[in-house]
Amino acid sequence: MLTRKFTYITIPIGNPLDLTERANQAILESQVLLAEEIKPARSLLKSLNLDFYEGEFSAQTNGIYLFRVDENLSNEDKNYLRTHVLPASQRVGYISGAGSPLFEDPGAILKPLLHGFEVERIPGVTSLSALMMYFPEEIRTFQMAGFLSQKSQDRINAIARIKQSKEPTFLMETPYRREKLLEELRLGLPGWKILLGYRLTSHQERIFLGDIPEVKTKAKALEKGEFVLLVYP
């Protein structure tokens, strides 16, 4: 009997050539591909010359069934996956918008739905490890703050804790809140430095290193785009 397999698949954060052979094979074998963001998922499947379809699921339809799974996944969609899609599928994959699933990613929503599947995880390039290669000093310890709360006071408190810790700290944020975050860091971490990676591994990659006000000024000219940063005293 064929083992039913669910695979969390790491995809490139920028350069499409960073897709590993294991990740490529897992996508090729998938009957269903669940994706945090549909647009980049479509682009990925097109780049691999794979047929796919959306809308209603049918086990008889050729091609990969593409279905969005994000933090706003409704109970109705969860039930559709649980009762219609997953029971009829032998090979299912999940990809985030870019990089590795599960960390700061809605892929964890799926865990309660995976009864009967062997779960596999395929690693690859991550924005954290990519940015760390640009750190100018040897780094042995650091902390990850991830995405800060959207509540203003909670954000201020989180930055105050970073200041108190005196640890190099990775932060993530959505592209449209980049300026807000950099201003909060300027106010909350006077004298600290920042390493900011913009659209890492892509042909638009930019790296900024320096005092927070200096980097904030330079980054202002950038278009909205994925970024990750590290602040340190």
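Residues numbered from 1 in each chain as written. Predicted model: local features only at pLDDT ≥ 70, side-chain atom pairs only at ≥ 80, totals over all residues. Heavy atoms only, no water.

Caption draft 1: A look at empty space enclosed by the protein. Evaluated as defined, the whole model comprises one cavity of 30 Å³ or more. Of the pockets and cavities examined, the largest cavity occupies roughly 30 Å³. Tallied by class, residues from the lining of the largest cavity come to six nonpolar, three polar and one charged. (1 Å grid on protein atoms, 1.4 Å probe; cavity = no way out; pocket = protein on both sides within 12 Å on 5 of 7 lines; lining within 4 Å. Points joined across faces, edges and corners; volume = space filled by probe spheres on them. Nonpolar A, V, L, I, M, F, W, Y, C, P; charged D, E, K, R; others polar.)

Caption draft 2: Geometry of unusual backbone geometry. Positive phi is not limited to glycine here, since Leu-102 has a value of about 80°. Relative to the elements of secondary structure, Leu-102 occurs in the loop between strand E5 (91-95) and strand E6 (118-122). Leu-102 gets classed as partly exposed once you look at its relative accessible area, which sits at 25%. Phi at Glu-104 takes a positive value of approximately 50°, unusual for a residue other than glycine. Counting through the fold element by element, Glu-104 comes out in the loop between E5 and E6. Judged by relative accessible area, which is 38%, Glu-104 ranks as partly exposed. (Helix = DSSP H or I, 4+ residues; strand = E, 2+ residues; numbered from the N terminus. Buried < 20%, exposed > 50% of the residue type's maximum accessible area, 1.4 Å probe, protein only.)

Caption draft 3: Seen up close, the sheet that holds strand E7 (residues 143-147). One open sheet accounts for five strands, arranged E7-E8-E11-E9-E10; its pairing is mixed. If you trace the sheet from one side to the other, it starts and ends with E7 and strand E10 (206-211), each paired once. Looking at each pair of strands side by side, their axes are set apart by 15° on average, direction ignored. The pairing of strand E9 (residues 193-198) with E10 spans six bridges and is antiparallel. (Pairing = 2+ DSSP bridges. Axes fitted to C-alpha atoms, helices over the stretch in contact; angles between N-to-C directions.)

Caption draft 4: View of the pattern of salt bridges. One pass over the structure, following the stated rule, counts 14 salt bridges. For Lys-5, the salt bridge goes to Glu-120, with nearest N and O atoms at 4.0 Å. Separated by 115 residues along the polypeptide, Lys-5 in strand E1 (residues 5-9) and Glu-120 in strand E6 bring together distant segments of the chain. Residue class for Lys-5 comes out partly exposed when judged on its relative accessible area of 22%. Arg-22 is the salt-bridge partner of Glu-120, the closest N and O atoms lying 3.2 Å from each other. (Salt bridge = Lys/Arg side-chain N within 4 Å of Asp/Glu carboxyl O.)

Caption draft 5: Representation of the environment of Glu-104. Spatially, the C-alpha atom of Glu-104 lies 20 Å from that of Glu-167, the residues being 63 residues apart in sequence. Setting aside anything within four residues of it in sequence, one finds Glu-104 in contact with Ala-145, Gly-146, Phe-147 and Met-172. A polar contact of 3.4 Å, which involves the side chain of Glu-104, links it to the backbone nitrogen of Phe-147. (Contact = heavy atoms within 4.5 Å. Polar contact = N/O pair within 3.5 Å; in protein donor to acceptor, adjacent residues only side chain to side chain.)

Caption draft 6: How the structure looks around the confidence of the model for the chain. Averaged over all residues, the pLDDT of the chain equals 94, while 99% of them reach at least 70. Here helix H4 (residues 127-132) stands out as the least confident element of the chain, with mean pLDDT 91; strand E2 (residues 32-35) is the most confident, with 98. (pLDDT = per-residue confidence, 0-100.)

Caption draft 7: Summary view of the pairing of E2. With burial as the criterion, each face of E2 is covered, one bearing Val-32 and Leu-34 and the other bearing Leu-33 and Ala-35. Pairing geometry for E2 and E5, over four bridges, is parallel. Looking across to E5, one finds that Val-32 is bridged to Val-92.

Caption draft 8: View of the packing of helix H6 (residues 178-188) against helix H7 (residues 212-219). Two elements in contact, H6 and H7, have axes separated by 9 Å at closest approach and are oriented at 165°. In this view, H6 runs roughly antiparallel relative to H7, as classed from their interaxial angle. For the pair H6 and H7, the crossing hand works out as left-handed. Where H6 approaches H7, its residues Arg-178, Glu-179, Leu-182, Glu-183, Leu-185 and Arg-186 are matched on the opposing element by Ile-212, Pro-213, Lys-216 and Ala-219. (Parallel < 35°, antiparallel > 145°, perpendicular 65-115°, else oblique. Left-handed = near helix turned anticlockwise from the far one by under 90°.)

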